[in-house]
Amino acid sequence: MRELAELLQTGQVSSTELVIACLEQIKQTDGVINAFLTVDEQGALEQAAQSDARRARGEALSPWDGIPVAIKDNISTRGLRTTCASRILRNYHPVYDATVVERLKQAGLPILGKTNLDEFAMGSSTEYSAFGVTKNPHDPARVAGGSSGGSAAAVAAGQVPWALGTDTGGSIRQPSSFCGVVGLKPTYGRVSRYGVVALAPSLDQVGPLAKTVEEAAALFSLIAGEDPRDATSAGAPAFQVPRWNAAVVQGLRVGVPEEFFSSGLNAEVEAAVRRSLRTLEEQGAVLKPISLATNDYAIDTYLTLVTAEASSCLARFDGVRYGERVAAPDANTMFAKTRGAGFGAEVKRRIMLGTYVLSASHYEAYYEQAQRVRTLIKLEIARAFEQVDVIITPTTPSTAFRIGEKRNPLEMYLSDLYTATANLSGICALSLPCGYDSQGLPIGLQIMGDHYQEELVFQVGRVVEASVERGPKVEV
Amino acid sequence: MIGREEVIRMATLARLELSEEEIELYTRDLNSFLVSGKKLQQVDVSGITGTSHAVSVIHALRRDEVGESLPREAVLAEGPEVLDGYFKVPRIVEGQE
């Protein structure tokens with residue numbers, strides 16, 4: 001991206017040329033990959049022309065003015081179709097931009113289009129999209145991961161330099177890991193959620209996906225910071241791309257939680273992550289074995305809270321103010337028919353589970369219990385960060401699985417086993433490629449940092465990145 | 001065990017029309033979910049308060065200032081059915097027309 005920014009700055013390439021190159025790559029590859037739900041060819045070309053005109057006048061809005069970006073389709077874009085990969089919103093055109101989109105436009109980034117996801121971000125493979133699965137660019141028989149699978153695959157397939165995703169339990173990091181790109185789940189509240197279609201408001205965060213750590217940091221710098229329209233962002237610091245300094249790892253205390261390296265972890269994934277850990281040690285980091293025993297409860301806690309919050313949030317889709325409606329003579333029948341026809345199977349499953357755990361007779365035993373276990377998880381993470389500066393784990397227990405392989409929903413939920421803890425405790429976490437398995441599939445490494453420690457996490461990520469050999473080039 | 005009647009009751013609460021197959025499917029799913037819920041119930045949380053917010057912040061208030069609203073026409077344009085500047089819905093309250 002630094003190269004692209006320089007090429008734009010010196011006039012060796014124009015924003016229009018970049019957008020045309022992206023559109024061409026999408027035409028060549030997206031018939032197979034299916035990363036995009038909407039490509040805004042005309043809008044992106046217009047924004048690129050405006051960017052080129054600004055550059056010609058010497059009035060670039062930012063160093064990245066003119067570099068196109070893709071947006072996950074649960075983030076509102078004014079006038080540009082936003083479906084959440086759901087039938088119920090298939091013709092929905094938001095009346096306003098999400099704050100993150102507004103900020104990218106203010107930095108001069110043309111919006112190339114909207115990327116595929118699991119319906120309402122509920123899933124880990126994009127197989128639950130109402131508009132078809134996104135294929136992994138490294139092997140089209142395999143999933144790209146999810147729920148931000150479209151954003152991860154688009155970056156990996158060279159369709160766009162960078163993209164935004166959302167992460168509620170791993171939805172940026174897991175697809176980044178599967179597709180061999182870099183993805184950040186920021187600290188809860190550091191990025192505005194205004195205009196992002198909520199899945200679980202106490203867990204959701206917007207974050208960047210890109211090819212390199214530096215690019216992810218640059219995109220993050222454009223979206224981070226307080227927004228008066230999202231009260232949970234109150235006091236959140238902005239972010240600037242740091243001066244890179246490999247010396248940060250000297251004396252760095254790296255927590256290695258044994259629970260994340262236990263049975264169920266693929267041997268090749270473990271070997272790659274441990275190799276990166278040794279590299280850090282050779283450069284002066286101190287590896288500290290730690291225990292995060294509460295991770296054993298993370299998925300069950302996550303599942304209870306996410307279904308409860310989702311069932312409440314999705315009550316707004318009732319066929320009254322936007323979206324599709326199925327006509328009926330009375331209101332309650334209209335609501336039920338509209339929702340029954342508009343939502344897919346996984347969304348209905350989560351609404352049912354969420355309604356159950358929130359119902360009067362089960363609230364205490366399930367929802368309140370999960371909130372209290374969440375406190376235990378949070379406390380354990382806080383204690384860990386008294387002893388260590390970062391925590392390093394695999395991002396996922398395995399590399400990308402085959403399309404159709406995980407038929408049991410509970411099995412699907414387990415692919416968030418190593419990622420949900422960061423959402424439950426609100427800390428930041430970065431996933432980046434740390435090698436490839438014997439089938440040529442990317443392996444992801446996760447660096448978790450305490451609240452607002454994104455800069456440190458990026459610094460460490462950059463050192464890991466520099467030590468990892470480039471894998472096989474994606475051929476699509 | 002969660003029975004079929006309870007599943008139908010949940011679907012009614014959630015305003016969600018389900019087919020016969022879906023009722024069967026979600027009866028099975030709710031029951032398998034109960035197993036993982038039971039695991040959480042084994043955890044000792046005595047003396048622990050629940051977390052509803054991941055990062056503790058002081059309650060945030062902003063100045064009460066009049067801002068810009070979304071244009072009415074644009075908002076109504078997304079409605080499935082509108083009439084005279086309002087969203088139109090089927091009858092909610094029983095009674096005479």
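Everything numeric here is computed off the predicted structure, so don't read it as measured data. (Residues numbered from 1 in each chain as written. Chains lettered and ligands numbered in written order. Predicted model: local features only at pLDDT ≥ 70, side-chain atom pairs only at ≥ 80, totals over all residues.)

**Q** What should I look at first to understand the overall build of chain A in this one?
**A** Along chain A, the regular secondary structure elements total 15 helices and 13 strands. At 21 Å, chain A has a C-alpha radius of gyration in line with the 23 Å of a compact globule built from 476 residues. Over its C-alpha atoms, taken along the principal directions, chain A stretches across nearly 70 × 55 × 45 Å. Out of the 476 residues in chain A, the part that is buried amounts to 61%. Sequence separation of at least 24 residues holds for 76% of the intrachain contacts in chain A that already meet a minimum separation of 6. (Helix = DSSP H or I, 4+ residues; strand = E, 2+ residues; numbered from the N terminus. Rg over C-alpha atoms; globule rule 2.2 N^0.38 Å. Buried ≥ 20, exposed ≤ 12 C-beta atoms within 10 Å, placed from the backbone. Contact = placed C-beta atoms within 7 Å.)

**Q** Before we go on, may I ask you to explain the overall build of chain B in this structure?
**A** Scanning chain B from N- to C-terminus turns up three helices and two strands. In sequence order, the secondary structure elements of chain B are arranged as α-α-α-β-β. Against the 2.2 N^0.38 benchmark of 13 Å for 97 residues, chain B shows a C-alpha radius of gyration of 23 Å, more extended than a compact globule. Expressed along its principal axes, the backbone C-alpha trace of chain B runs to roughly 55 × 45 × 25 Å. Here chain B holds 97 residues, and 14% of them are scored as buried.

**Q** Help me understand the interface of chain B and chain A, please; the structure alone is not making it clear to me.
**A** Counting residues at the interface gives 44 residues for chain B, matched by 60 residues for chain A. Those elements giving two or more residues to the side of chain B that touches chain A turn out to be helix H1 (4-13), helix H2 (20-41) and helix H3 (72-76) of chain B. Broken down by element, the side of chain B that touches chain A gets its largest block of residues, eleven residues, from H2 of chain B. Class assignment of the residues belonging to the side of chain B that touches chain A gives a composition of 25 nonpolar, ten polar and nine charged. (Nonpolar A, V, L, I, M, F, W, Y, C, P; charged D, E, K, R; others polar.)

**Q** Teacher, can you tell me more about the confidence of the model for chain B here?
**A** Confidence in the prediction of chain B, expressed as mean pLDDT, is 90, and 95% of residues score 70 or more. For this predicted complex, the interface score ipTM comes out at 0.93, alongside a pTM of 0.96. (pLDDT = per-residue confidence, 0-100.)

**Q** I keep staring at the environment of Pro201 of chain A and nothing clicks. Help me out?
**A** Residues and elements named next belong to chain A. As for its placement among the helices and strands, Pro201 is situated in the loop between strand S7 (182-185) and strand S8 (205-210). C-alpha of Pro201 to C-alpha of Arg274: the two residues are 73 residues apart in sequence and 34 Å apart in space. Residues within four places of Pro201 in sequence aside, it is in contact with Glu309 and Cys313.

**Q** Is there a simple way to think about helix H15 (residues 454-467) of chain A in this case?
**A** Residues spaced three or four apart along an α-helix face the same direction, because each turn holds 3.6 residues. Residue and element names in this part refer to chain A. Look at H15: 20 Å from first C-alpha to last across 14 residues, which is about the 20 Å you get at 1.5 Å a residue. Within the span of H15, buried status applies to Glu454, Val457, Phe458, Gln459, Val460, Gly461, Arg462, Val463 and Val464. Looking at the packing, one finds that the buried side of H15 touches S7, helix H7 (213-223), helix H8 (267-282), strand S11 (390-394), strand S12 (428-436) and strand S13 (442-449). (Expected span 1.5 Å × (residues − 1).)

**Q** How do you make sense of unusual backbone geometry when you look at a structure like this?
**A** Negative phi values dominate among residues other than glycine, just as trans dominates among peptide bonds. Residue Gly146 of chain A is joined to Ser147 of chain A through a cis peptide bond whose omega torsion reads 10 degrees. By the secondary structure assignment, Ser147 of chain A is in the loop between strand S5 (139-143) and helix H5 (149-156).

**Q** How should the sheet that holds strand S3 (residues 111-115) of chain A be read in this particular structure?
**A** Strand pairing within a sheet occurs via backbone hydrogen bonds; the two strands may be parallel or antiparallel. All names here are of chain A. Across the sheet, which stays open at both edges, the eleven strands sit in the order S1-S3-S2-S6-S8-S7-S12-S13-S11-S9-S10 with mixed pairing between neighbours. Unpaired on one side and paired on the other, strand S1 (36-39) and strand S10 (286-290) mark the two borders of the sheet. Direction aside, the axes of adjacent strands within the sheet are offset by 25 degrees on average. In terms of strand pairing, S11 meets S13 through five bridges, oriented antiparallel. By the bridge assignment for S13, Pro394 is matched with Leu445. (Pairing = 2+ DSSP bridges. Axes fitted to C-alpha atoms, helices over the stretch in contact; angles between N-to-C directions.)

**Q** Is there a simple way to think about the pairing of S7 of chain A in this case?
**A** In regular strands, side chains alternate between the two faces of the sheet. All names here are of chain A. Because side chains alternate across S7, one face comprises the buried residues Val182 and Leu184, and the other comprises Gly183 and Lys185, equally buried. Pairing of S7 with S8, which is carried by two bridges, proceeds in the antiparallel orientation. The residue bridging Gly183 from the neighbouring strand is Leu209, located in S8.

**Q** Before we go on, may I ask you to explain the packing of helix H12 (residues 363-387) of chain A against H2 of chain B in this structure?
**A** Helix-helix packing is characterised by the crossing angle of the two axes and by the distance between the axes. Between H12 of chain A and H2 of chain B, whose axes approach to 9 Å, the crossing angle comes to 50 degrees. Judged on the interaxial angle alone, H2 of chain B and H12 of chain A are oblique. Seen along the crossing, H12 of chain A lies across H2 of chain B with a hand that is left-handed. Counting all contacts with H12 of chain A, which are made through Ala365, Tyr366, Gln369, Ala370 and Val373 of chain A, the residues of H2 of chain B involved are Gly37, Leu40 and Gln41 of chain B. Residues of the contact of H12 of chain A with H2 of chain B, tallied by class, amount to five nonpolar, three polar and no charged. (Parallel < 35°, antiparallel > 145°, perpendicular 65-115°, else oblique. Left-handed = near helix turned anticlockwise from the far one by under 90°.)

**Q** Which parts of the structure should I look at to understand the nonpolar core?
**A** Within soluble globular proteins, side chains that are nonpolar generally end up buried alongside one another. Core analysis: the largest hydrophobic core is formed by 159 residues, its most contacted members being Val69, Val155, Ala163 and Val390 of chain A. Once residues within four sequence positions are removed from consideration, Val69 of chain A is found in contact with Leu104, Leu109, Ile111, Leu112, Val160, Trp162, Ala163 and Leu164 of chain A. (Core = buried A, V, L, I, M, F, W, Y, C linked by C-beta atoms within 7 Å.)

**Q** Looking at this model, I keep getting lost on the environment of Ile48 of chain B. Mind explaining?
**A** Position of Ile48 of chain B relative to the elements: it lies in the loop between H2 and H3. Sequence separation between Ile48 of chain B and Glu6 of chain B is 42 residues; the distance between their C-alpha atoms is 31 Å. Every residue in contact with Ile48 of chain B, bar those within four places of it in the chain, is listed here: Arg372, Thr375 and Leu376 of chain A.

**Q** Would you mind showing me how to read the pairing of S5 of chain A here?
**A** All names here are of chain A. Note that strand S4 (residues 135-136) and S5 share two bridges and pair antiparallel. The residue bridging Lys135 from the neighbouring strand is Val143, located in S5. Here S4 hands over to S5 after two residues, the two strands then running antiparallel side by side.

**Q** Can you walk me through helix H3 (residues 41-56) of chain A in this structure?
**A** Residue and element names in this part refer to chain A. End to end, H3 covers 22 Å across 16 residues, agreeing with the expected 22 Å (1.5 Å per residue, within 8%). Turning to H3, its buried residues number three or more, namely Ala44, Gln47, Ala48, Ser51 and Asp52. Looking straight down H3, one finds its buried side chains confined to an arc of 145 degrees; they lie on one side. For H3, the exposed residues set more than 90 degrees away from the buried face come down to Gln42, Ala53 and Ala56. Close packing links the buried residues of H3 with helix H2 (15-33) and S3. Positive phi shows up at Gly58, right after H3, with a value of about 70 degrees. (Arc of directions from axis to C-beta.)

**Q** What am I meant to see in the packing of H2 of chain A against H3 of chain A here?
**A** All names here are of chain A. Interhelical geometry of H2 versus H3 gives an angle of 155 degrees and a closest axis separation of 7 Å. Taken as axis vectors, H2 and H3 run roughly antiparallel relative to one another. Side by side, H2 and H3 meet where Ser15, Thr16, Val19 and Leu23 of the first sit next to Glu41, Ala44, Leu45, Ala48, Ala49, Ser51 and Asp52 of the second. A breakdown of the residues in the contact of H2 with H3 according to their chemical character gives six nonpolar, three polar and two charged.

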